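# Geometric and topological summary
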2 protein chains.
Amino acid sequence: MAHYSPALDAVLVALADPTRRQVVQRLGRGPASVGELARPFPMALPSFMKHVRVLESSGLIRTAKSGRVRTCTLDRERLALVDDWLADQRQVWSDRTDRLERLVTDLEGTP
Amino acid sequence: MAHYSPALDAVLVALADPTRRQVVQRLGRGPASVGELARPFPMALPSFMKHVRVLESSGLIRTAKSGRVRTCTLDRERLALVDDWLADQRQVWSDRTDRLERLVTDLEGTP
DNA sequence: CGGATACTTAGCCTTGTGGCTCACTATTCG
DNA sequence: CGAATAGTGAGCCACAAGGCTAAGTATCCG
């Protein structure tokens, strides 16, 4: 537990950008083409494509080109990495709480 | 739901760095001084302090100086922002699943 | 008081990130 | 075929991120 995870790192870096988070959110409602995804954003396509690449290389999305259209789909499993890390943190806290409780109990036992 | 949250943004940016994640993890076991937190890392103190500042301005940790020692504590509530966002995402997916199921049901009803 | 400790401040440097334009390729459609 | 569509690729740019050193400040301890 705890040691450095490149996969988690990539996912968090990807999610640290608002544009990319919105894309993830949109893809939660189903697959979409790059152009479709880009439409809401006030940036040029090549700029937007960089975000798509970041998301893809983090594993959060998968993309496939058919004809001239590249379709993107969300990989929900990847988001679980974040869940898992958060769960680990809670584990650390509760371990500490357990120790504190034990300490209090011990102190009560030896007045 | 969904619109841009600077707070969530700051938290995810903070967590996107492995050093800072390890600090969060360490602080889960209880408060610590800056020097104590920095010890495991192969970087100079001023560099490390930047990470502390990022964590603090994201709200993930609080710090207070007493004498010449600055003590850092984790603010668990802040991590909940990430939890909430993940929960939102799952909500989006399940809404979609519901719609798909309803569609299938409707189709079955009208053969 | 004076030295050791624990940060802090200031400033520099390199790399990475996110955005742009312009030019190009590959499909699709009339 | 030829025009419109949907990405791509290349290369530039500004600024933020993360690291460093050197020097300064503010306790604390003997």
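Here we summarise the structure given alongside this text.

Rules and cut-offs
Once a new chain begins, its residue numbering starts again from 1 and follows that chain's sequence as written. Chains and ligands are labelled by the order in which they are written, letters from A for the one and numbers from 1 for the other. Given that this is a predicted model, residues contribute local features only at a pLDDT of at least 70 and side-chain atom pairs are listed and counted only at 80 or more, while totals for whole chains, interfaces and linings are drawn from all residues. Values shown for side chains rest on all heavy atoms present in the structure; no hydrogens or waters enter the calculation. The aromatic pairing rule takes the rings of Phe, Tyr and Trp, using the six-membered ring of Trp, and pairs them if the centres are within 6.5 Å, calling planes under 30 degrees apart stacked, those over 60 edge-to-face and the rest tilted. Remark: a charge is flagged as sitting over a ring if the NZ atom of Lys or the CZ atom of Arg is within 6 Å of the ring centre and within 35 degrees of the ring normal. Note on terminology: near, applied to a residue and a molecule or strand, indicates that one of the residue's heavy atoms is within 4 Å of it. Distance and chemistry together define a polar contact, namely a pair of N or O atoms within 3.5 Å, with one atom able to donate a hydrogen and the other to accept it when in protein, and with adjacent residues in sequence counting only for side-chain atoms on both sides. Under this scheme, a helix contributes an axis fitted over its contacting stretch, all axes are lines through C-alpha atoms, and angles between N-to-C directions fall in the 0 to 180 degree range. Helix and strand definitions follow DSSP, with helices as H or I runs of at least four residues and strands as E runs of at least two, each counted in order from the N terminus. Roughly parallel covers angles under 35 degrees, roughly antiparallel covers those over 145, roughly perpendicular covers 65 to 115, and oblique covers all other angles. Should the near helix be turned anticlockwise from the far one by less than a right angle, the crossing is termed left-handed; should it be turned clockwise, right-handed. In what follows, a contact means two residues having at least one pair of non-hydrogen atoms within 4.5 Å. Throughout, the ten residues Ala, Val, Leu, Ile, Met, Phe, Trp, Tyr, Cys and Pro are labelled nonpolar, Asp, Glu, Lys and Arg are labelled charged, and all others, Gly among them, are labelled polar. The set of buried Ala, Val, Leu, Ile, Met, Phe, Trp, Tyr and Cys residues whose side-chain atoms join them within 4.5 Å is what this entry labels a nonpolar core. To sort residues, take the accessible area from a 1.4 Å probe on protein chains only and compare it with the maximum for the residue type: under 20% means buried, over 50% means exposed, and anything in between is partly exposed.

### A closer look at the packing of aromatic side chains
With the rule as written, the count across this model stands at 2 aromatic pairs over all chains. Directly above the ring of Trp-93 of chain B sits Arg-76 of chain A, whose terminal nitrogen or CZ lies 5.0 Å from the centroid.

### Structural notes on the protein's contact with DNA strand D
DNA strand D sits among 22 residues. The nearest are Met-49, Arg-68 and Arg-70 of chain A together with Ser-47 and His-51 of chain B. Take the atoms of DNA strand D that sit within 4 Å of the protein: sugar and phosphate atoms are 65% of them. At 3.4 Å, a side-chain N or O of Lys-65 of chain A approaches a sugar or linking oxygen of DNA strand D. At 2.7 Å, a side-chain N or O of Ser-47 of chain B approaches a phosphate oxygen of DNA strand D.

### Details of the packing of helix H2 (residues 18–27) of chain A against helix H4 (residues 45–57) of chain A
Residue and element names in this part refer to chain A. Axis separation between H2 and H4 bottoms out at 10 Å; the angle between their running directions is 70 degrees. As the angle between them shows, H2 and H4 are arranged roughly perpendicular. Relative to H4, H2 is oriented so that their crossing is right-handed. Seen from H2, the contacting residues are Thr-19, Arg-20, Val-23 and Val-24; seen from H4, they are Phe-48, His-51, Val-54 and Leu-55. Among the residues making up the contact of H2 with H4, the classes are represented as 5 nonpolar, 2 polar and 1 charged.

### Observations concerning the nonpolar core
Of all hydrophobic cores here, the largest spans 54 residues; its most connected members are Leu-15, Leu-60 and Val-82 of chain A together with Leu-15, Leu-60 and Val-82 of chain B. The residues touching Leu-15 of chain B, leaving out its near neighbours within four places in the chain, are Leu-12 and Trp-85 of chain A together with Arg-21, Val-24, Leu-60, Leu-79 and Val-82 of chain B.

### A few points about the protein's contact with DNA strand C
Lining the immediate environment of DNA strand C, one finds 22 residues, of which Ser-47, Lys-50 and His-51 of chain A together with Arg-68 and Arg-70 of chain B sit closest. Within 4 Å of the protein, atoms of DNA strand C come from sugar and phosphate in 64% of cases. At a separation of 3.4 Å, a phosphate oxygen of DNA strand C approaches a polar side-chain atom of Asp-17 of chain A. Between His-51 of chain A and DNA strand C, the recorded distance is 2.3 Å, taken from a side-chain N or O atom to a phosphate oxygen. For the surface near DNA strand C, the secondary structure elements donating two or more residues are H4 of chain A together with helix H3 (34–38), helix H4 (45–58) and strand S3 (69–74) of chain B.

### Concerning helix H2 (residues 18–28) of chain B
Residues and elements named next belong to chain B. For H2, a buried count of 8 out of 11 residues is recorded, marking the element as mostly surrounded by other parts of the structure. Looking only at H2, the buried set comprises Thr-19, Arg-20, Arg-21, Val-23, Val-24, Gln-25, Leu-27 and Gly-28. The distance from a side-chain oxygen at the start of H2 to the backbone nitrogen of Thr-19 is 2.8 Å, and the residue carrying that oxygen is Asp-17. Residue Gly-30 follows H2 closely and has a positive phi angle near 130 degrees.

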